[in-house]
Amino acid sequence: MNHFELRGGILHAEDVPLPEIADAVGTPVYVYSRATLMRHARIFRDALAPLGNPWLAFAVKANPNLAVLRVLAREGYGADVVSAGELDRAIAAGMEPGTIVFSGVGKTGAELAHGLKSGIGQFNVESEEEGFELAAIAARMDRKADCALRVNPDVDAGTHEKISTGKKDSKFGVSIGDAASVYHRLEREAGLAIRGIAVHIGSQLASLAPLERAFEKVGRLIAELRAAGSCISHVDLGGGLGVPYKAGDSYPDPSDYAAMVMRVTHGWGVRLMFEPGRVIAGNAGVLLSRVIRVKRGAQRPFVVMDAAMNDLARPAMYGAWHDIDAVAPDGATMTAHIVGPICETGDTFATDRTCDRLEAGDLAVFRTAGAYGATMASSYNSRGFVPEVLVDGDRFAVVADRIAPAAIMQAERVPDWLT
Ligand code: LLP
């Protein structure tokens, strides 16, 4: 459920009619609903509450906007970050450093040191090599880095291959077969306080079964490590819950997920950690766009939007589906190709899509764009960066300015020797 609904024939974000935002801020623009973010944050938190005191770390990569992070910080969320940039954002948004987990396969030495200096809660170490480097940096700083070892359980998440992370050839984590020996070697490092296991097998999972298989493998690893005398106090189960992108689709909800986690982790005796991204932010945002023109095509009309693949990359990158709805539907429908203005055929949001009838000048939304939307934008074709707006009841605020192409050009120089 989300707070983007028709009222009096006009699509609203909470109590704000979307045309009001388009008039004030221009299009394309990402629009987030604070009430939806809070609702999803609470549903997820309440579902997991019976687990004791789970550590909830929002996956900042899904939506790193400072205002969005602030909303989630106020709901008790920490952050899962994968770069110094994300780490600084989480702290700037008001997240306690101690609630931040640092994941990622390519943390640089500078980023590891920055994490230590910032006092983050945990490093999820993705290789033995990274573990040794972190240990050395921590020892030089006279510190001990709290960390978990990310394992690769060799489970097929059954999602798009580009967002699958837990198969044996994936670059993430340490193969589960090697995990115990790597863990024991890292335990001997004076700069590390290794205390657990982390796992994340992929994103937009349609079924809980692969997660359950991965968690069961982690459970067997914990037992093996404990039998060898290791201390395991924290287990990070990652993110991955899918959300419906098509009206009417149904996905496992947080209560199904929580029931599965409770069953599998029963008796583990650890603090469980979670890194939800999409399930919190996905349906809390839309990309609001205006139709530039409708062009005749050989088979179907092309609806050319003012948003493009640089603003919302998911359809071009993963062939992802986003529902497209008119802001002021007149009841008629059309079947069309929905495209952006960028000069490649990949800049296609939908092919042969039956949707509300759209004409030049009409406003439309791409739904479920609150996660992996603005954050994946680029300035390809020298387009600017889309602004972001947060709605709260009947008020709204621009929470990220539009960055005009001219501002991007200002960061570029032509060297003297070319003038
Ligand atoms: N934890 C780790 C270590 C991750 O790599 C990710 C996502 C998450 C948590 C959050 O996963 P979520 O709960 O959102 O599924 N750009 C792609 C998604 C990439 C996900 C990358 N990792 C997309 O637009 O579908």
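Residues numbered from 1 in each chain as written. Predicted model: local features only at pLDDT ≥ 70, side-chain atom pairs only at ≥ 80, totals over all residues. Heavy atoms only, no water.

J.: I keep staring at the site of the ligand and nothing clicks. Help me out?
T.: Residues in close proximity to the ligand total 18 residues, the closest being Ser203, Glu275, Arg314, Tyr318 and Tyr372. Within the backbone of Gly240, a nitrogen or oxygen atom sits 2.9 Å from an oxygen atom of the ligand. Between the ligand and Arg278, the relevant distance is 2.8 Å, taken from an oxygen atom to a main-chain nitrogen or oxygen of the residue. Protein chains shield 92% of the accessible area of the ligand, which is 600 Å² for the free molecule. Tallied by class, the residues present in the shell around the ligand amount to six nonpolar, six polar and six charged. Residues from two domains meet in the shell around the ligand; each of domain 1 (4–32 + 282–409) and domain 2 (104–274) gives at least three. (Near = heavy atom within 4 Å. Polar contact = N/O pair within 3.5 Å; in protein donor to acceptor, adjacent residues only side chain to side chain. Areas by Shrake-Rupley, 256 points an atom, 1.4 Å probe, with all protein chains shown as cover. Nonpolar A, V, L, I, M, F, W, Y, C, P; charged D, E, K, R; others polar. Domains from an automatic or database assignment.)

J.: Just to check I follow, could you spell out the sheet that holds strand β1 (residues 4–7) for this structure?
T.: Here we have three strands laid out as an open sheet, ordered β1-β2-β3, and antiparallel in their pairing. In this open sheet, the two edge strands, each paired with only one partner strand, are β1 and β3 (16–17). Bridging between β1 and strand β2 (residues 10–13) involves four bridges; their strand directions are antiparallel. For Arg7, the partnering residue across the bridge sits in β2 and is Ile10. (Pairing = 2+ DSSP bridges. Helix = DSSP H or I, 4+ residues; strand = E, 2+ residues; numbered from the N terminus.)

J.: I'm lost on helix α5 (residues 109–118) in this one. Help?
T.: Counting along an α-helix, one turn takes 3.6 residues, and residues three or four places apart therefore face a common direction. Those residues of α5 lying buried are Glu111, Leu112, Ala113, Gly115, Leu116 and Ser118. For α5, the secondary structure elements touched by its buried residues are α4 (84–92), β7 (100–102), β8 (122–125), α6 (128–140) and β9 (145–152). Positive backbone phi, at 75°, marks Gly119, one or two positions downstream of α5. (Buried < 20%, exposed > 50% of the residue type's maximum accessible area, 1.4 Å probe, protein only. Contact = heavy atoms within 4.5 Å.)

J.: How do you make sense of the domain arrangement of the chain when you look at a structure like this?
T.: Interface size is commonly expressed as the accessible surface area that is lost when the partners come together. Taken domain by domain, the chain holds domain 1 (4–32 + 282–409) and domain 2 (104–274). Counting residues at the interface gives nine residues for domain 1, matched by nine residues for domain 2. Counting the surface lost from both domain 1 and domain 2, the interface buries some 850 Å², and carbon and sulfur atoms represent 55% of this. Our enumeration of links across domain 1 and domain 2 arrives at zero salt bridges. Remark: the boundary between domain 1 and domain 2 carries three residue pairs in polar contact (both at pLDDT 80 or more). The class makeup of the residues in the side of domain 1 that touches domain 2 is four nonpolar, three polar and two charged. (Buried area = accessible area lost by both parts, 1.4 Å probe. Salt bridge = Lys/Arg side-chain N within 4 Å of Asp/Glu carboxyl O.)

J.: Looking at this structure, how should I read the state of the cysteines?
T.: Here a disulfide denotes one covalent bond, and it connects the sulfur atoms of two cysteines. Taken as a whole and assessed by the stated rule, the structure comprises zero disulfides. With no disulfide partner, Cys147 has as its closest neighbouring cysteine sulfur the one in Cys231, 11 Å distant. (Disulfide = S-S within 2.5 Å.)

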